[in-house]
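Residue-level listing of the chains:
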Amino acid sequence: MRIVYHGHSCIQVTHDAVSVIIDPFLTGNPLAVSKSLEQIKTQYILLTHGHSDHITDAIPLAKQNHAPIIAVEELAIHLGRHGVQVEPMHVGGAWDFPFGRVNLTPALHTSSALSEDGQIVYTGSPVGIILEIDGFTLYHAGDTGLFGDMRLIGERFDIDIAFLPIGGRFTMGPEDAAIAASWIKARRVIPIHYDTFPIIKQDASLFVQMLLQRGLAGQVLAPGEQVVIHSS
């Protein structure tokens, strides 16, 4: 299985001939290496919430790849009006898709999008995503603050890799993310949602040091970098 970090919160997971992308934000993302959407081949698109830095390229990628968008019901309905196929879910729900199993967890944030006339549209609850694929369990926390039920996520799932926001201001900062990591107990933690804009500038290597002090493993991925993990 191959995991590519496209910068900000955008993660692409590929197993065999199937690729899924989470929170596609490439055009307008100053850190993205792949800014041409034609380079992105995916069969499914997963979204954590409706903010523009998470859904900017969802519709064009869905149309280009004939890829369904998996999202919370209200966000799915909003995007479905643009002529794309959607798979609505909700917090606490789980479903087996051809590529693996998706569980939606709570996230402490908001979720909205802009209509064509510039009005704010409510797009349901923000979520995190548990993705079970190729025998591995991945947790994309989405945009979230620290909340106590992260302990339950760690108890409920045996997580191999957790993607946690560390940017602060709009999400957890490094200190709270390190606490979250200790509750989640993932085998590896990869920081996301930082450095994209000056207001969320962080030292990711310092965050990894904070994890080490707690006996946890962290890894910093540069935008465009990938990791390959193999089934045992």
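Reading guide: rules and limits
- Residues numbered from 1 in each chain as written.
- Predicted model: local features only at pLDDT ≥ 70, side-chain atom pairs only at ≥ 80, totals over all residues.
- Heavy atoms only, no water.
- Pairing = 2+ DSSP bridges.
- Helix = DSSP H or I, 4+ residues; strand = E, 2+ residues; numbered from the N terminus.
- Axes fitted to C-alpha atoms, helices over the stretch in contact; angles between N-to-C directions.
- Patch = residues over 30% accessible without salt bridge, like charges linked within 9 Å, V, L, I, M, F, W, Y side chains within 5 Å.
- Areas by Shrake-Rupley, 256 points an atom, 1.4 Å probe, with all protein chains shown as cover.
- Salt bridge = Lys/Arg side-chain N within 4 Å of Asp/Glu carboxyl O.
- Phe/Tyr/Trp six-rings, centres within 6.5 Å; stacked < 30°, edge-to-face > 60°.
- Lys NZ or Arg CZ within 6 Å of the ring centre and 35° of its normal.
- Contact = heavy atoms within 4.5 Å.
- Buried < 20%, exposed > 50% of the residue type's maximum accessible area, 1.4 Å probe, protein only.
- Core = buried A, V, L, I, M, F, W, Y, C linked by side-chain atoms within 4.5 Å.

**Q** Can you explain the sheet that holds strand β7 (residues 94-97)? Please cite residues and give values.
**A** Backbone-to-backbone hydrogen bonds join strands into a sheet, with any given pair of strands oriented parallel or antiparallel. Here we have six strands laid out as an open sheet, ordered β7-β8-β11-β12-β13-β14, and mixed in their pairing. Every interior strand has two partners, whereas the edge strands, β7 and β14 (188-192), have only one. Between one strand axis and the next, the sheet turns by 20° as a mean value, whatever way the strands run. The sheet contact formed by β7 and strand β8 (residues 100-106) spans four bridges and is antiparallel. Residue pairing across strands places Asp96 opposite Arg101, the latter belonging to β8.

**Q** An account of a nonpolar patch on the surface is requested, with residue identities and associated values reported.
**A** Where nonpolar side chains cluster on the molecular surface, the patch consists of Phe170, Phe197 and Ile199 and spans about 280 Å² of accessible area. Here Phe197 lies in the loop between β14 and α6 (204-213).

**Q** Tell me about the packing of aromatic side chains, and please be specific about residues and values.
**A** Taken as a whole, this structure holds three aromatic pairs when the rule is applied. Members of the aromatic cluster, joined through ring pairs, are Tyr44, Phe97 and Phe99. The ring of Trp183 has Arg151 sitting right over it, with the charged end atom 3.9 Å from the ring centre. Taking NZ or CZ as reference, Arg156 lies 4.5 Å from the ring centre of Phe157, over its face.

**Q** Residue-level account of the sheet that holds strand β15 (residues 226-228), with values.
**A** Strand order in the open sheet made by the seven strands is β6-β5-β4-β3-β2-β1-β15, with mixed pairing throughout. For this open sheet the edge positions go to β6 (86-89) and β15, each flanked by a neighbour on one side alone. The mean angle between the axes of side-by-side strands here comes to 20°, regardless of whether they run parallel or antiparallel. Two strands pair when backbone bridges link them, and strand β4 (residues 44-46) and strand β5 (residues 69-72) are joined in this way by two bridges, in the parallel orientation. Looking at β5, one finds that Ile45 is bridged to Ile69. Running over the sheet, helix α2 (residues 58-65) touches β3 (18-22), β4 and β5 and is turned about 165° from β4. Against the sheet, helix α3 (residues 73-80) contacts β5 and β6, and its axis sits at roughly 135° relative to β5.

**Q** Let's hear about the pattern of salt bridges: which residues, and what values?
**A** Per the counting criterion, the structure on display carries four salt bridges. The residue Asp96 makes a salt bridge to Arg101 at a minimum N-O spacing of 3.0 Å. The salt bridge involving Arg187 is made with Asp158; its shortest N-O contact spans 3.0 Å. Here Arg187 is found in the loop between α5 (174-184) and β14, whereas its partner Asp158 is found in the loop between α4 (150-156) and β13 (161-165), with 29 residues between them in sequence. Classification of Asp158 as exposed rests on a relative accessible area of 51%. Three or more residues joined by partner-sharing salt bridges are found here, namely Asp158, Asp160 and Arg187.

**Q** Account for the nonpolar core, with residues named and values stated.
**A** The biggest cluster of nonpolar side chains holds 55 residues, and the ones touching the most others in it are Ile3, Tyr139 and Leu164. Leaving out residues up to four positions away in the same chain, Leu164 has contacts with Tyr139, Ala141, Met172, Ala177, Ala180, Ala181, Ile184, Val189, Ile190, Pro191 and Ile192. Membership of the second largest hydrophobic core comes to 21 residues, among which are Ala32, Ala62, Leu75 and Ala76.

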